[in-house]
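# Structural features, examined
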Amino acid sequence: MSKLDVAVLGATGAVGQRFIQLLEDHPWFRVAEVVASDRSAGRPYAEACRWILTGQPPAGVAELDVLPLDAPLKSPIVLSALPSDVARTLEPELAAAGHIVSSNTSSHRMAADVPLLLPDINADHVGLVDVQRRNRGWTTGALVTMSNCTSVPVVVSLAPLLQFGIKQVNVVSMQAVSGAGYPGVASLDIMDNVVPFISGEEEKVESEPRKILGHLVDNQIDWLETVISASCNRVPMIDSHLVVVSVSFEDKPSLAEIREAWANYQPHEMARSLPSVPTPVLIYSEGADRPQPRQDRNAGQGMSTSVGRLRECPILDYKFVALTHNTIRGAAGGAILNAELLVAQGYVQMPTALAASAQ
């Protein structure tokens, strides 16, 4: 069965490698082009890339020559793991040239006409692409973004609770070193230590969930009316971000009602048939000491969010712990899911055989 060609930008980096690993057996996409900086361009991917994930680069990708950042691309879909300073100009240029760009970088998340997507939560926000095309004069291209990796467990755990009216949220994060890319945090800074500062992170966690959990109204996102306070910390674990969340409500539910809301939560109807949609979206961990990164980060093949330790809070109403895999759900896997949504919604022309299989 024919598949859609995909280009991966920043392909030799940590998130770029995760893109390539997750796409190895993808039912809709195949990696056709890999793009990286000048120091990697012109060499076979396996030679240019210091592979840091388990196993080896997929054979079909290992032999691809790495393209420079200014290379003209043939793939209709572009998955971006670029540094934000490069993405700021290159991603819109590629969208203007007709590519569907699904970005993992922060450069355009807060733009009014750029959808900030977690499709299982807010798939209908993809309608903002039509506004974007009108605003920017793009006919076939588009730019959508994945959220910050730490925002994911916050958003997924709060989405089922919107029905109770979320007033205030306090978030304390414990974030893996892989969130800093490779080689990441120096070993002498993180071993036997916690670093209570991650540049720009708290501002993202305080704003992004409000956009994601808002509503598309009159061609713009009506942000969720709530207040979020975040304190972000780097801790000595390799993968997954864990957040401790305290929340207050307009209409305070019982503990049982919160558990029921989580248990019954289903992906947005527009996302339910997508290949990478988390199954389930949210898992409640019953153990008194769960979720834990080593135990729970790979739930749902790394795409599910684990929640636990729900209890009363003496300051706000309730508190709990939530966890997601930061480089899968919070990065590459999330951006792949966004690309799947755009394909399913007709923003990319599917090959006939592939379209039939996706029905």
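This report concerns the structure included in the present document. Numbering of residues starts from 1 in each chain and follows the order in which that chain's sequence is written. At least 70 in pLDDT is required for a residue's local features to be given in this predicted model, at least 80 for side-chain atom pairs to be given and counted, and no such filter applies to totals for whole chains, interfaces and linings, which use all residues. The side-chain numbers reported here are obtained from all heavy atoms of the structure, hydrogens and water having been left aside.

## Re the pairing of strand S13 (residues 305-312)
The following threshold applies: Being paired, for any two strands, means DSSP has found at least two bridges between them. Labels follow the DSSP assignment, with helices taken as runs of H or I lasting at least four residues and strands as runs of E lasting at least two, numbered in each case from the N terminus.
Alignment of strand S12 (residues 282-285) against S13, held across four bridges, turns out to be parallel. Along S13, the bridge assignment pairs Ile 283 with Ser 306. Both S13 and strand S14 (residues 318-324) contribute to a ladder of five bridges, which runs antiparallel. By the bridge assignment for S14, Ser 306 is matched with Leu 323. The antiparallel hairpin formed by S13 and S14 contains five residues in its connecting segment.

## Re the packing of helix H7 (residues 151-158) against helix H9 (residues 201-212)
Here is the rule we go by: The convention used is that axes are lines fitted to C-alpha atoms, helices contributing only their stretch in contact, and that angles between N-to-C directions extend from 0 to 180 degrees. Note that the term roughly parallel is reserved for angles under 35 degrees, roughly antiparallel for angles over 145, roughly perpendicular for angles of 65 to 115, and oblique for everything else. Crossing handedness: left-handed means the near helix sits turned counterclockwise from the far one by under a right angle, and right-handed means the same turn made clockwise. In what follows, a contact means two residues having at least one pair of non-hydrogen atoms within 4.5 Å. Three residue categories are used. Nonpolar comprises Ala, Val, Leu, Ile, Met, Phe, Trp, Tyr, Cys and Pro, charged comprises Asp, Glu, Lys and Arg, and polar comprises the others, including Gly.
Across the interface, H7 lies against H9 with an axial gap of 9 Å and an inter-helix angle of 40°. Judged by the inter-axis angle, H7 sits oblique to H9. The way H7 lies across H9 gives a crossing that is right-handed. Side by side, H7 and H9 meet where Ser 151, Val 154 and Val 155 of the first sit next to Lys 204, Val 205, Glu 208, Pro 209 and Ile 212 of the second. Here the residues of the contact of H7 with H9 are counted per class, giving five nonpolar, one polar and two charged.

## Re the pattern of salt bridges
What counts, and what does not: A pairing counts as a salt bridge when a side-chain nitrogen of Lys or Arg comes within 4 Å of a carboxyl oxygen of Asp or Glu. Burial classification: accessible surface area is computed with a 1.4 Å probe over protein chains only, and a residue below 20% of its type maximum counts as buried, one above 50% as exposed, and the rest as partly exposed.
Counted under the stated rule, the structure contains nine salt bridges. Here Asp 5 makes a salt bridge to Arg 30, at a shortest N to O gap of 2.7 Å. Remark: Arg 30 occurs in strand S2 (residues 29-35) and Asp 5 occurs in strand S1 (residues 4-9); sequence separation between them is 25 residues. By relative accessible area, which is 43% here, Arg 30 ends up partly exposed. We note a salt bridge from Arg 43 to Glu 47, for which the minimum N-O separation is 4.0 Å. On the basis of relative accessible area, Arg 43 is assigned to the partly exposed category, the value being 29%. By relative accessible area, Glu 47 is classed as exposed at 51%.

## Notes on the sheet that holds strand S5 (residues 100-103)
Each strand in a sheet pairs with its neighbour through backbone hydrogen bonds, running either in the same direction (parallel) or in the opposite one (antiparallel). Strand order in this open sheet of six strands is S3-S2-S1-S4-S5-S6, and the pairing throughout is parallel. The open sheet terminates on both sides in strands that have one partner only, identified here as strand S3 (66-67) and strand S6 (142-145). Bridge count for S1 against S2 is six bridges, and the pairing is parallel. By the bridge assignment for S2, Asp 5 is matched with Arg 30. Contacting S5 and S6, helix H6 (residues 128-136) crosses the sheet at an angle of about 135° to S6.

## Observations regarding the sheet that holds S14
Strand order in this open sheet of six strands is S10-S7-S11-S14-S13-S12, and the pairing throughout is mixed. If you trace the sheet from one side to the other, it starts and ends with strand S10 (227-234) and S12, each paired once. The sheet shows a mean angle of 25° between the axes of neighbouring strands, direction not considered. In this structure, strand S7 (residues 166-175) lies alongside strand S11 (residues 241-249), joined through nine bridges in antiparallel fashion. In the strand pairing of S11, Ser 173 is matched with Val 243.

## Some thoughts on the packing of aromatic side chains
The geometry of an aromatic ring pair comes down to the distance between the two centres and the angle between the two planes. Selection criterion: A pair of Phe, Tyr and Trp rings is counted when the ring centres sit within 6.5 Å of each other, with Trp represented by its six-membered ring. The angle between the planes then sorts it: under 30 degrees is stacked, over 60 is edge-to-face, the rest tilted. Note on criteria: charge over ring means Lys NZ or Arg CZ within 6 Å of the ring centre, with the direction from the centre no more than 35 degrees off the ring normal.
Under the counting rule described, the total for this entry stands at five aromatic pairs. For Lys 252, the ring lying beneath its charged end belongs to Tyr 318, and the centroid distance is 5.2 Å. Positioned above the aromatic ring of Tyr 284 is the side chain of Arg 259, whose terminal nitrogen or guanidinium carbon lies 3.9 Å from the ring centre.

## Thoughts on the side chain of Arg 109
So the rule is basically this: Polar contacts, as used here, are pairs of N or O atoms within 3.5 Å; protein pairs need one atom able to donate a hydrogen and one able to accept it. Residues neighboring in sequence count only if both atoms are side-chain atoms.
Turning to its location among the elements, Arg 109 is positioned in the loop between S5 and helix H5 (119-122). Separated by 3.1 Å, the side chain of Arg 109 and the backbone oxygen of Asn 104 make a polar contact. Contacts of Arg 109, omitting those with residues within four sequence positions, involve Asn 104, Val 114, Leu 116, Thr 145, Met 146, Ser 147, Asn 148, Lys 204, Glu 208 and Lys 211.

## What to know about the state of the cysteines
Should the sulfur atoms of two cysteines be covalently bonded, the bond is a disulfide. The test is simple: Disulfide: a pair of cysteine sulfur atoms within 2.5 Å of each other.
All chains considered together, the criterion is met by zero disulfides. Counting only cysteine sulfurs, Cys 232 is the nearest neighbor of Cys 149, a cysteine outside any disulfide, at a range of 9.4 Å.

## Here we look at the side chain of Ser 276
For Ser 276, the location among the structural elements is in the loop between helix H10 (255-264) and S12. At 2.6 Å, the side chain of Ser 276 forms a polar contact with the side chain of Glu 340. Setting aside anything within four residues of it in sequence, one finds Ser 276 in contact with His 26, Met 303, Ile 336, Leu 337 and Glu 340.

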